[in-house]
Amino acid sequence: MTIETKSRTDVELVQSVGDDDGIVHAARISLAHDRSVVEAKERKGLINYLMAHKHGTPFEHNSITFRVHAPLFEFREWMRHRVQSYNEQSGRYSKFEPVFYLPGSDRPLVNVGTSAKPVLAPAQRTVIKASQARMVESFHESWAAYEELLALGVAKEVARNVLPVAVYSTMYATTNLRGWLHFLGLRTSEENATFQGHPQWEIEQAALDIERELAKLFPDTLEAFNANGRVAP
Ligand SMILES: Cc1cc2nc3c(=O)[nH]c(=O)nc-3n(C[C@H](O)[C@H](O)[C@H](O)COP(=O)(O)OP(=O)(O)OC[C@H]3O[C@@H](n4cnc5c(N)ncnc54)[C@H](O)[C@@H]3O)c2cc1C
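Residues numbered from 1 in each chain as written. Predicted model: local features only at pLDDT ≥ 70, side-chain atom pairs only at ≥ 80, totals over all residues. Heavy atoms only, no water.

Asks: Would you take a moment to explain the packing of helix α6 (residues 177–187) against helix α7 (residues 201–217) for this structure?
Replies: Two quantities define a packed helix pair, namely the angle between the axes and the distance from one axis to the other. Where α6 contacts α7, the axes come no closer than 9 Å and their chain directions differ by 140°. The pairing of α6 with α7 is recorded here as oblique in orientation. Judged by the sense of rotation from one axis to the other, the crossing of α6 with α7 is left-handed. Contacts between α6 and α7 pair L177, W180, F183, L184 and R187 from the former with I203, E204, A207, I210, E211 and L214 from the latter. Split by residue class, the contact of α6 with α7 holds 8 nonpolar, no polar and 3 charged. (Axes fitted to C-alpha atoms, helices over the stretch in contact; angles between N-to-C directions. Helix = DSSP H or I, 4+ residues; strand = E, 2+ residues; numbered from the N terminus. Parallel < 35°, antiparallel > 145°, perpendicular 65-115°, else oblique. Left-handed = near helix turned anticlockwise from the far one by under 90°. Contact = heavy atoms within 4.5 Å. Nonpolar A, V, L, I, M, F, W, Y, C, P; charged D, E, K, R; others polar.)

Encoded structure:
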């Protein structure tokens, strides 16, 4: 029996509608302006103004969809974001793939802070190796149990009971730019942020990947987001 381990979340842009100009057009409608060519300087200035003064609604007239391949524990955090729309592969109708999340050697592993305020630091090499080996052993055990239950004729929706939160799933996640900026504000922890959250490492890496994609699609908005303390408008 073979299982696969992965140490990252895959985030792939599926589709996007809208751009920085669309945000300017939505804002200008309040002055009954028609759609017209937007000069670069005006676009940057207006978007920065909207961001700084928390005029959030012009950032809602667009849509960005990502396909996400991540372990279940990460989806549990991700799906707390209620302004995103989700569709996920079904553990009732399809069999899981034997793919499990294994923290890589670069993932901070030990808590040197407190329970209430964790500060994670790299572990010693012996701890990394021992924990990786124990996790892989556990993945093998749970996958074998899953296969055995399926072979007994137990339905997928019940057999999945034995799988750990490290098993990977796939989903589509869609929201508008305002929703994604809110997600970035909570799920990243950059030095220039006004609000310093403490997101879990895995979802933060995924959020940073999403931010890189958004910066290509909406460069002026992402610049303004960073210039204004990474707070969603
Ligand atoms: C570092 C970190 C640690 C966390 N730890 C825990 C934990 O220990 N336990 C736990 O349960 N959760 C935890 N969470 C999840 C957290 O409580 C939120 O559910 C999650 O961050 C989504 O935030 P949100 O509600 O602002 O976002 P969204 O659900 O995307 O909502 C966006 C915005 O819409 C508005 N909104 C949405 N729904 C409502 C509503 N029903 N009523 C009023 N306004 C609404 C709010 O303004 C909200 O900010 C944690 C989150 C982070 C980032």
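Asks: How should I be thinking about the packing of aromatic side chains in this particular structure?
Replies: Tallying each qualifying case throughout the model produces 8 aromatic pairs. With centroids separated by 5.6 Å and ring planes inclined at 65°, the aromatic side chains of F73 and Y101 adopt a geometry described as edge-to-face. Here F73 is found in helix α3 (residues 72–78), whereas its partner Y101 is found in strand β5 (residues 99–101), with 28 residues between them in sequence. The exposure class assigned to F73 is buried, which follows from its relative accessible area of 19%. By relative accessible area, Y101 is classed as buried at 5%. Ring centres of W180 and F183 lie 5.5 Å apart, and the angle between their planes is 85°; this geometry places the pair in the edge-to-face category. Here W180 pairs with F183, and both are found in helix α6, just 3 residues apart, close to one helical turn. (Phe/Tyr/Trp six-rings, centres within 6.5 Å; stacked < 30°, edge-to-face > 60°. Buried < 20%, exposed > 50% of the residue type's maximum accessible area, 1.4 Å probe, protein only.)

Asks: Teacher, can you tell me more about the site of the ligand here?
Replies: Around the ligand sit R80, H81, R82, V83, H182, L186, R187 and H198, and that is every residue in its neighbourhood. At 2.6 Å, a side-chain N or O of R82 approaches an oxygen atom of the ligand. Contact distances for the ligand include 2.6 Å between an oxygen atom and a side-chain N or O atom of H182. Here the ligand has 940 Å² of accessible area as a free molecule, and 45% of this is covered by the chains. A breakdown of the residues in the shell around the ligand according to their chemical character gives 2 nonpolar, 3 polar and 3 charged. (Near = heavy atom within 4 Å. Polar contact = N/O pair within 3.5 Å; in protein donor to acceptor, adjacent residues only side chain to side chain. Areas by Shrake-Rupley, 256 points an atom, 1.4 Å probe, with all protein chains shown as cover.)

Asks: Looking at this structure, how should I read empty space enclosed by the protein?
Replies: Taking a probe equal in size to a water molecule and rolling it over the atoms shows the remaining empty space. For the structure shown, the criterion picks out 1 cavity of 30 Å³ or more. For the largest cavity, the calculated volume is near 30 Å³. (1 Å grid on protein atoms, 1.4 Å probe; cavity = no way out; pocket = protein on both sides within 12 Å on 5 of 7 lines; lining within 4 Å. Points joined across faces, edges and corners; volume = space filled by probe spheres on them.)

Asks: Just to check I follow, could you spell out the pairing of strand β8 (residues 168–175) for this structure?
Replies: Successive side chains on a regular strand alternate, one facing one side of the sheet and the next facing the other. Burial analysis of β8 places 6 of its 8 residues in the buried class, the great majority of the element. One ladder, built from 8 bridges, connects strand β3 (residues 63–71) with β8; its direction is antiparallel. In the strand pairing of β8, P71 is matched with Y168. Judged from the 4 bridges that link them, strand β4 (residues 85–88) and β8 form a sheet pairing that is antiparallel. Bridge pairing links S85 to T174 in β8. (Pairing = 2+ DSSP bridges.)

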